[in-house]
Amino acid sequence: MATHSRPVLKVAVEQWVPWTKVLTDADRTVRIDGPMANLLDILSNVLKFNYELVRPSDRVWGGPLPNGSWNGMLGQLQRQEVEFAVGPFGVTDLRETVCDFSTPLYSENNAILMVRPTLQNDMAGFVKPFTGQVWLLTLLSLAVVVAVMTPLATTEVRLFKLSMRWSLSRTTIWGLKVFTQEGSVDVPPFTATRLLAAVWLLASLVFMSSYSGILTAMLTVPRVTIPIDSLADLVAQKDLPWRLEKGSMMFQYFKEAQDGVRRKVFMGISGTFPDCWAAREDIATGKYAAICDKTTMKKAMSWDFSTSGKCHLYISRELVYTNAIIAMAFQSNSTYLAPVNQIILAVKESGILDQWLSAQITNTSQCLRPPTADRSKGIAALSIEAMAGSFLVLAGGLATGTAVFLLEASIPRR
């Protein structure tokens, strides 16, 4: 309750979970929760003032307008409607033209927050153990062996006057059987062809042993494709739209960017959102990606795992913006700035601020692990998706064979 001995200061607030959570009571009284609420209470008690919390009508932190004025909380400071704004704010040179910032509270990093990539099965996975070049050279080797062995075996049969008959089709079937590690009753006739056959047998053994080993490993450990891990990845893809926080430091940062990738980020946004915490469900369901601070992202992961027992969010490995200084914002030349700075330093040095912040973020270790760690423990049974490619090839072979048979049966015999 306000007393006559204490001044009542108007203080601007807006939501930035976990730092500041804004709550509105039934009588429309605004109050806040979180580390900044704790700090504000300390400031009120030590500096002996009461406060009235005021939210900006546009619900943003603040940015410059074409006429030179500012909107959001920074606009309230510029117009001297409030004594200070809790924030905390990202400190920039442009923002310092309309307010004074306190001593830094924290150093923040920003990254891309998106729906978590999941384990995927590849229908074409059975051909992935070898690259296209290896498959091409392997088939070329088979063709060369068949092309060389056919005339060589035919010559040996004629030279040594054998009763057997060796043809191109026979050589081809023999080469395929050897390549697929299948036994064959056909044996090359003499030394020259047998030497060539021995070389092909050894080469086929290496090919198929390598193929089966790599294929087993790939099927046992499904791959995880991470399509977006940097700003370059973000602007290069078209499957997942992205948005920026309205009126935030990051919005202004990308808006002012002149270089290629950062400019493309701003030009390609599909819209804005109020704040990263409010957008967490839309991000977790894959509606869009967002550029947020890592503290809020960890808080969103904590909420996600605590409520669902699963991880639906992923933080890009590349940082979009590093070591952003965040602080409280005051009217220019405010008499409260100096004593507030002393209190902030004391709170930081005592470790209380870190304790308040860590209490807001729990259950994140599981979701901070890479998506490749999401697979279940032990050996899992192969699903139909994992073997779909092989079944499709088999179906195609059966269909082709049946079509050839029907075509042959339709040809009249003489």
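Sequence order as written defines the numbering, with residues in each chain counted from 1. At least 70 in pLDDT is required for a residue's local features to be given in this predicted model, at least 80 for side-chain atom pairs to be given and counted, and no such filter applies to totals for whole chains, interfaces and linings, which use all residues. Side-chain metrics in this entry use all non-hydrogen atoms of the structure; hydrogen atoms and water are not considered.

### Describing the packing of aromatic side chains
Piece 1. Pairing of aromatic side chains requires ring centres within 6.5 Å, counting the rings of Phe and Tyr and the six-membered ring of Trp. Pairs whose planes differ by under 30 degrees are stacked, by over 60 edge-to-face, and all others tilted. With the rule as written, the count across this model stands at 18 aromatic pairs.
Piece 2. Centre to centre, the rings of Tyr 253 and Phe 254 are 5.1 Å apart; their planes meet at 75 degrees, and the pair counts as edge-to-face.
Piece 3. Ring-pair connections join several aromatic residues into one group, and the members of that group are Trp 16, Trp 19, Trp 61, Phe 89, Phe 101 and Tyr 106.
Piece 4. When the ring centre of Trp 277 is taken as origin, the NZ or CZ atom of Arg 280, which lies over that ring, is 3.8 Å away.
Piece 5. Our definition puts a charge over a ring when NZ of Lys or CZ of Arg is within 6 Å of the ring centre and also within 35 degrees of the ring normal. Its guanidinium or amino end placed over the ring of Trp 303, Arg 280 lies 4.5 Å from that ring's centre, counting from NZ or CZ.

### Focus: the pairing of strand E1 (residues 8-12)
Piece 1. In this analysis, strands are considered paired if DSSP registers two or more bridges between them. Comment: elements are numbered from the N terminus, with helices defined as DSSP H or I runs of at least four residues and strands as E runs of at least two. Sheet analysis places E1 next to strand E4 (residues 50-54), joined by five bridges and oriented parallel. The residue of E4 that forms the bridge with Val 8 is Asn 50.

### Section: the state of the cysteines
Piece 1. Two cysteine sulfurs form a disulfide in these notes if their separation is within 2.5 Å. Applying the stated criterion across every chain yields a total of two disulfides.
Piece 2. Note that Cys 276 is cross-linked by a disulfide to Cys 292, the S-S spacing being 2.1 Å. Taking the sign of the S-S torsion, -100 degrees for the link of Cys 276 and Cys 292, the bridge is left-handed. In this pair, Cys 276 sits in the loop between strand E9 (272-273) and helix H9 (280-284) while Cys 292 sits in strand E10 (residues 289-293), placing the two residues 16 residues apart along the sequence.
Piece 3. For every residue, the accessible area obtained with a 1.4 Å probe (protein chains only) is divided by the maximum for its type, and the residue is called buried under 20%, exposed over 50%, and partly exposed between those limits. By relative accessible area, Cys 276 is classed as buried at 4%.
Piece 4. Residue classification places Cys 292 among the buried positions, given a relative accessible area of 1%.
Piece 5. Bridging Cys 311 to Cys 367, the disulfide has an S-S length of 2.1 Å. Disulfide Cys 311-Cys 367: torsion about the S-S bond near -85 degrees, hence left-handed. Here Cys 367 lies in the loop between helix H12 (352-360) and helix H13 (384-410) and Cys 311 lies in the loop between helix H10 (294-308) and strand E11 (313-315), a separation of 56 residues in the sequence.
Piece 6. Residue class for Cys 311 comes out buried when judged on its relative accessible area of 18%.
Piece 7. Judged by its relative accessible area of 3%, Cys 367 is buried.

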